[in-house]
Amino acid sequence: MIHAAESASLVEQAVAILKANDRGGYTIPTEGLYPFQWNWDSCLTALGLAHVDAARAWTEIETLFAHQWPDGMVPHIVFHVASDGYFPGPEVWSTGRPTPTSGITQPPVAGFAVRRLFERAKDREQAERRARALLPAIDRWHAWFYAHRDPQSEGLVAILHPWESGRDNSVDWDAAFARVPTEGVTPYVRRDTQHADPAHRPTKAQYDRYLWLVEHFRRLGWDNTRLHEASPFRVVDPGFNAILIRSAADLAELAERLGEPQIAAANRGRAAAGLAALEGLWSASHGQYLCRDRVTGELIDSASIGGLLPAFAAIPRPRAAALARRIERQALTLPFGVASHDPDDPRFEAKRYWRGPSWLITNYMLAEGFVAAGEAALAAKLVAASLALIRQSGFAEYYDPLTGEPCGGGRFSWTAAMVLEFLADTKSQNGRRT
Ligand code: GLC
């Protein structure tokens, strides 16, 4: 249990980080390493902002959606200002948007975030007005996914670039990524390794392929009607799809409440089709979900957190229970929440970004899902482990899951936001108990 004084001090630190990273209408993930607006960072950060300033939380998501593409895509980065500290910048992407953006997307957590903001809101008039305005935009984004990333109507969408997954260098992508050429990439200088330890970041070979894909899509004019078929990298990630399914279900609920039956029906249908199709990614031998390589049609032998994140969606109870047991086994060796890759896999690397480290946002989504799935004890454990991690190591980008050592960037916005969420939950639970 966390003491009131300690909790107040964590809140104070988290709020200070959100304030320091606030750039007006949007929040940067962290100074230096990520100087622009990132898609799912913003949506999750808004949840933290809501504890401080509800109006500002709505603005965070509205700013992101102000840069939605005409075809419905919401880009993964909005380059609001010029900065030469980041690569690849707007000139590499060359998407031709009025305010420069990247040309790919990120995990669609907006539907979940907006429903949560709406439900928490004390100012009901503001919440209704602002949620109502966002509703059709989020619906268009969801429709974009199924139109352009699920052309055979399988019920699940593909990512075309590892950066879309939000889990940039996961082991999940290694085999499919090997098909992406490295020749012909315009020479470049990385900036991430100037802000963070290169041993904790993606490798040079991975970076070449990230850029090859960007240049390939750029040559195709960022035309989303062509990219899916033209990409040598097409992977169906259970975690990404679970987030989309959860957001579709949440958007449906919100639309129902706001008297938008068409949006409600469309999103309910998407969520139902997605949940049914997710079954095809279950691996009995791994005891979790796996990615599917859409080019070969094969499941990918890689037990990552992407295959545990379906707990965030309304998967069948026995599946959620199986994931919970798997995480509990892992917790016997790892005290700091769920590792981004199975520690028993020889490819696990404790400090390399998404190949092992623990992240607060995934602890949060899993805890959220397990509460709904009747696994409250595990959810409470994940929250306690996350807060222990913060007390020991501060508000880092991610953590070594074996030692809790902070890694990557510091003073990280979504880490701060998740702490505010966890503490608010802990407080209301303590309140309920007394
Ligand atoms: C990295 C992470 C991604 C995140 C971004 C900004 O690229 O992998 O998930 O959105 O940093 O924090």
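Residues numbered from 1 in each chain as written. Predicted model: local features only at pLDDT ≥ 70, side-chain atom pairs only at ≥ 80, totals over all residues. Heavy atoms only, no water.

Let's talk about the environment of Arg115
If you trace the backbone, Arg115 turns up in helix 5 (residues 110–120). Judged by relative accessible area, which is 22%, Arg115 ranks as partly exposed. Separated by 137 residues in sequence, Arg115 and Ala252 place their C-alpha atoms 9.5 Å apart. Beyond its immediate chain neighbours, meaning those up to four positions away, Arg115 contacts Asp250, Glu253 and Leu254. (Helix = DSSP H or I, 4+ residues; strand = E, 2+ residues; numbered from the N terminus. Buried < 20%, exposed > 50% of the residue type's maximum accessible area, 1.4 Å probe, protein only. Contact = heavy atoms within 4.5 Å.)

A look at the pattern of salt bridges
Considering all chains together, one arrives at 35 salt bridges under this definition. One salt bridge connects Asp150 with Arg294, and the closest N-O pair in it is separated by 3.7 Å. You can see Asp150 sitting in the loop between helix 6 (124–148) and helix 7 (162–165) and its partner Arg294 sitting in the loop between strand 6 (292–293) and helix 14 (317–331), a full 144 residues away along the chain. Like Asp150, the residue Arg294 is buried in the burial classification. In this structure, the salt-bridge partner of Arg326 is Asp342, at a minimum N-O distance of 3.3 Å. (Salt bridge = Lys/Arg side-chain N within 4 Å of Asp/Glu carboxyl O.)

Focus on the confidence of the model for the protein
Summarising the model, the protein shows a mean pLDDT of 96, and 99% of its residues fall at 70 or more. Within the protein, no element has a lower average pLDDT than helix 17 (residues 413–433), which sits at 84, and none a higher one than helix 12 (residues 238–257), at 99. (pLDDT = per-residue confidence, 0-100.)

Looking at the site of the ligand
Taken together, the residues surrounding the ligand are Pro29, Tyr34, Trp38, Trp40, Asp41, Gln106, Gly166, Asp168, Tyr353, Trp354, Phe412 and Trp414. A distance of 3.1 Å is found between an oxygen atom of the ligand and a side-chain nitrogen or oxygen belonging to Trp40. Gly166 places a polar main-chain atom, nitrogen or oxygen, 2.6 Å from an oxygen atom of the ligand. Within the complex, 97% of the 310 Å² of free accessible area of the ligand lies under protein. For the shell around the ligand, the class distribution of residues is eight nonpolar, two polar and two charged. (Near = heavy atom within 4 Å. Polar contact = N/O pair within 3.5 Å; in protein donor to acceptor, adjacent residues only side chain to side chain. Areas by Shrake-Rupley, 256 points an atom, 1.4 Å probe, with all protein chains shown as cover. Nonpolar A, V, L, I, M, F, W, Y, C, P; charged D, E, K, R; others polar.)

Some words on the packing of helix 2 (residues 39–49) against helix 5
Their axes nearest at 9 Å, the elements helix 2 and helix 5 cross at an angle of 15°. For the element pair helix 2 / helix 5, the angle class is roughly parallel. Between helix 2 and helix 5 the crossing geometry is left-handed. Seen from helix 2, the contacting residues are Cys43, Ala46 and Leu47; seen from helix 5, they are Ala110, Phe112, Ala113, Arg116, Leu117 and Arg120. Residues that form the contact of helix 2 with helix 5 fall into these classes: seven nonpolar, no polar and two charged. (Axes fitted to C-alpha atoms, helices over the stretch in contact; angles between N-to-C directions. Parallel < 35°, antiparallel > 145°, perpendicular 65-115°, else oblique. Left-handed = near helix turned anticlockwise from the far one by under 90°.)

Quick notes on the nonpolar core
As a rule of thumb, soluble globular proteins bury nonpolar side chains together. Counting residues in each nonpolar core, the largest one holds 138 residues, and the members touching the most others are Phe65, Phe233, Ile361, Leu366 and Phe370. With residues up to four places along the chain from it excluded, the contact list for Phe233 reads Ile159, Leu160, His161, Pro162, Trp173, Ala176, Phe177, Val180 and Leu213. (Core = buried A, V, L, I, M, F, W, Y, C linked by side-chain atoms within 4.5 Å.)

What about the environment of Leu134?
With respect to the element layout, Leu134 can be found in helix 6. Between the C-alpha atoms of Leu134 and Ala14, which are 120 residues apart in sequence, the distance is 27 Å. The contact partners of Leu134, leaving out residues within four places of it in the chain, are Trp58, Ile61, Glu62, Phe65 and Val114.

Observations concerning the packing of helix 6 against helix 13 (residues 261–278)
It is the contact of helix 6 with helix 13, at a shortest axis distance of 11 Å, that shows an interaxial angle of 35°. Here the hand of the crossing between helix 6 and helix 13 comes out left-handed. Across the interface between the two elements, Leu135, Pro136, Asp139, His142, Ala143 and Tyr146 of helix 6 pack against Ile263, Ala266, Asn267 and Arg270 of helix 13. Residue composition of the contact of helix 6 with helix 13, grouped by class: six nonpolar, two polar and two charged.

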